[in-house]
Amino acid sequence: MGKRVLKRFLSALGTSFFVIIFNFFLFRILPGDLTTVIARSNTSPEVKQRLIEASGLDKPLMTQFGIYIKQLLHGDLGSAFYMYDNSSSVLEVIVGRIPNTVILLLTAEIIAIIIGMIIGTICAHKRATPLDTGLLSGSLVLYSMPTFWFAMLLIFIFCVNLRLFPTGGIYTAGTAYHGWMLIKDYLKHMALPSLCMGFAMVGCYAVTMRSTMIGILTEDYIQTARAKGFSTRYILLKHAIPNAMLPMATIIAMNIAFILGGAIQLETLFSWKGLGQLMYLALDKRDFPMLQGCFLISTLAVILANFIMDILYGFIDPRVKE
Amino acid sequence: MAEKMLEVKDLRVSFEVKKGLAETLMGKKETIKAVDGVSFEIGRGEILSLVGESGSGKTTTGKAILRLAPVTGGSIKFEGEEISGKSQKELHEFRKKAQMIYQDPYQALNPRQYIIDIVGEPLDVNDLCKTTEERLERIKKALENAGLVPPEDYLYRYPYELSGGQRQRVAIAGSLIMNPEFIVADEPVSMLDASIRTGIIKLMLEQRDKMGVAYLFITHDLSLAWLISDRIAIMYLGKIMEMGTADEIINHAEHPYAKALINIMPIPGKMIDSGRDILEGETPNAAVDIKGCKFCARCPVRQAICETEEPELREISPGHLCACHFVK
Ligand SMILES: Nc1ncnc2c1ncn2[C@@H]1O[C@H](COP(=O)(O)OP(=O)(O)O)[C@@H](O)[C@H]1O
Ligand code: SF4
Ligand SMILES: [Mg+2]
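Computed from a predicted structure; not experimentally measured.

**Some words on the overall build of chain B**
Point 1. Regarding its fold elements, chain B presents 12 helices and 12 strands.
Point 2. For 328 residues, the compact-globule estimate of 2.2 N^0.38 gives 20 Å, and chain B sits close to it at 21 Å.
Point 3. The dimensions of chain B, computed from C-alpha atoms along their principal axes, are 70 × 55 × 40 Å.
Point 4. Expressed as a percentage of its 328 residues, the buried residues of chain B come to 50%.
Point 5. When the accessible surface of chain B is summed, it comes to about 15600 Å², and 50% of that surface belongs to carbon and sulfur atoms.
Point 6. Of the side chains in chain B, 42 bear a positive and 49 a negative charge, and the two mean positions are spaced by 3 Å.

So this is what it looks like as structure tokens:
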């Protein structure tokens, strides 16, 4: 087990290193790099010069890379061109926004996994019945619907028409709640975006769960359990579902990058002050230091999440432990 | 024959299979008659071997008797009680008495369970043990009975840590702990190394001798069937072609298919030479409806009547049944 963890850790470290290098060159070598953006902006030549110097863009590429690495080692992601959340320190802004995104995505992910697993299990168990077809196509329609469209539909129904939820933001403006009231207000703002994101992903998990379970349900050990007279409920919960966890974990890990991408749309639509919305703002303003920071942090987050999933595999499947 | 335990009459299992997209859209479905009117009896402590080529419906017959495959028609009586129409709940008592052992020991055990839990599961689910000591004792006893000694070595291991033979013994221990009276053994040794087979077969015979367990022993190996069973039934395309005591079938088979199988049976000291007839062709697709004798297409002695009329399974001498127009 220890050996496996170490191996995975080294591999995650290697990937991170590659990402760090890639992240640097991506923003300098691609067309539309920093210098052109600065050159195109409407400020005076002096300000432009100052911006270029402050970003170190006048120095040779390798020197810039050295500075970038050195700053990173000091935990410094540089300064943004603009102010966000009353700060222009890239790291400070990002760190301040991480909790909002993590809470939102985690809730959405948990909703999607639980509902997806339930639907997939029911479909596999009631395979080829109208219930199976109905549930499966329902969740697939949601899955293939563009997220922004689904989100606007929800906003229209629940916020505009029914007035059940606020249309966006993380707190009700102009209030000074604290304690329980603050949490309630926060949850009320989070409900719609997390449900929207969760339901949009149900299809993916439902399909995976269904096909995995159909395979498992024909296995001999399931038949053996049936022959021993165990109830269907017991067989599903004790034998079938636990064995479906490994393929599910793989899909969950693969989905992490995907949902981070989805967060950009969703947080922007719901004005949810998270990393996704920050990325959108930075992109809109061509704020390259901020974008570079966001890219780096979110890619590292994906690597970290995959590393954690890899370790979890060992607990899910005894055969992986070696 | 000993006291009747299992009585199968005219058992039928058919599967509806959807074909390609075009056929599905046109509502065409193919029906596979995997088991097409099978009747036999098994007495207490008796071993009946079901022998036939792959695809002849042996596994489906075994599963249907245990209600693990959908029964389309016919009757299954166990200890005088009809099994085929019962709900899963009503089957509870039957489930404790009848078990199945599978061909592939790699698939028959849940890969996530420790051996102790696999074997002890029936005790846990049915709440049969009052104390953990009692549970442990019974599990150890079952492992010992299945030839896994010392049992302590196996309790906390996962199936993947064991060899094929050991896994098959675990599967057997898991069914023996329920004290079954009847076991369907579906080619239980065909995937094991020859060196381990004898041990597993001996173990099963021991259970018959000690506990009076009856077996429906499914195999494609006629010589193994001869070695261990009281009676043999030869199956072809969902039907029994010939049935009788093991010696009678091996020495006095009358059905052309049974004869062909016996002809290719390896016998120590005898070479397969030109003196033997080798069966030509392959088993036809079970989805194709055959009007006359199922063996017609491959039979060396077929006549016109064989293609239009299906022969009945008739008794040709006491206890010896055969389904061929030309065997009197
Ligand atoms: N679940 C199923 N669905 C469709 N066809 C099946 C199913 N199970 C078995 N069959 C078909 O029934 C026939 C008999 O299969 P089986 O009982 O496994 O034969 P055997 O055990 O003698 O090799 C085969 O043609 C097989 O393809
Ligand atoms: S009935 Fe005809 S085809 Fe069938 S086994 Fe007898 S001779 Fe052959
Ligand atoms: Mg088979």
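**Some details on the sheet that holds strand E4 (residues 73-78) of chain B**
All names here are of chain B.
Point 1. Strands sit in the order E2-E1-E4-E5 across an open sheet of 4 strands; the sheet is antiparallel. A strand with exactly one partner marks an edge of an open sheet, and here the two such strands are strand E2 (29-43) and strand E5 (81-82).
Point 2. Judged from the 5 bridges that link them, strand E1 (residues 4-18) and E4 form a sheet pairing that is antiparallel. Its bridge partner being in E4, Leu6 is matched across the sheet by Phe78.
Point 3. Sheet contacts for helix H2 (residues 58-65): E1, E2 and E4; angle to E1, the most-contacted strand, approximately 115 degrees.

**Some details on the side chain of Glu46 of chain B**
Point 1. Turning to its location among the elements, Glu46 of chain B is positioned in the loop between E2 and strand E3 (47-51).
Point 2. There is a polar contact of 2.7 Å between the side chain of Glu46 of chain B and the backbone nitrogen of Gly43 of chain B.

**Here we look at empty space enclosed by the protein**
Point 1. Under the counting rule described, the total for this entry stands at 3 cavities of 30 Å³ or more.
Point 2. Volume-wise, the largest cavity comes out at about 160 Å³.
Point 3. Counting residues per element, the ones that place at least two in the lining of the largest cavity are helix H9 (220-227) of chain A together with strand E6 (98-101), helix H4 (115-125) and helix H7 (164-176) of chain B.
Point 4. In terms of residues, the lining of the largest cavity owes the most to one element, H7 of chain B, which gives 4 residues.
Point 5. Size it by volume and the second largest cavity reaches roughly 70 Å³.
Point 6. Along the walls of the second largest cavity sit 13 residues, with Pro256, Cys293, Cys299, Cys306 and Cys324 of chain B positioned nearest its centre.

**Examining the site of ligand 1**
All names here are of chain B.
Point 1. Near ligand 1, the surroundings consist of Phe15, Ile32, Ala34, Glu53, Ser54, Gly55, Ser56, Gly57, Lys58, Thr59, Thr60 and Ala286.
Point 2. Backbone polar atom of Gly55 to an oxygen atom of ligand 1: 2.7 Å apart, as the coordinates give it.
Point 3. Here an oxygen atom of ligand 1 sits 2.8 Å away from a polar atom, N or O, in the side chain of Lys58.
Point 4. For ligand 1, whose accessible area on its own is 560 Å², the fraction buried by protein is 64%.
Point 5. When residues of the shell around ligand 1 are traced back to their parent elements, those giving at least two are E2 and H2.
Point 6. At 3 residues, the largest contribution of residues to the shell around ligand 1 is made by H2.
Point 7. Of the residues assigned to the shell around ligand 1, the class counts are 4 nonpolar, 6 polar and 2 charged.

Thresholds, definitions, all that
- Residues numbered from 1 in each chain as written.
- Chains lettered and ligands numbered in written order.
- Predicted model: local features only at pLDDT ≥ 70, side-chain atom pairs only at ≥ 80, totals over all residues.
- Heavy atoms only, no water.
- Helix = DSSP H or I, 4+ residues; strand = E, 2+ residues; numbered from the N terminus.
- Rg over C-alpha atoms; globule rule 2.2 N^0.38 Å.
- Buried < 20%, exposed > 50% of the residue type's maximum accessible area, 1.4 Å probe, protein only.
- Areas by Shrake-Rupley, 256 points an atom, 1.4 Å probe, with all protein chains shown as cover.
- Lys, Arg positive; Asp, Glu negative; His and termini not counted.
- Charge placed at Lys NZ, Arg CZ, Asp CG, Glu CD.
- Pairing = 2+ DSSP bridges.
- Contact = heavy atoms within 4.5 Å.
- Axes fitted to C-alpha atoms, helices over the stretch in contact; angles between N-to-C directions.
- Polar contact = N/O pair within 3.5 Å; in protein donor to acceptor, adjacent residues only side chain to side chain.
- 1 Å grid on protein atoms, 1.4 Å probe; cavity = no way out; pocket = protein on both sides within 12 Å on 5 of 7 lines; lining within 4 Å.
- Points joined across faces, edges and corners; volume = space filled by probe spheres on them.
- Near = heavy atom within 4 Å.
- Nonpolar A, V, L, I, M, F, W, Y, C, P; charged D, E, K, R; others polar.

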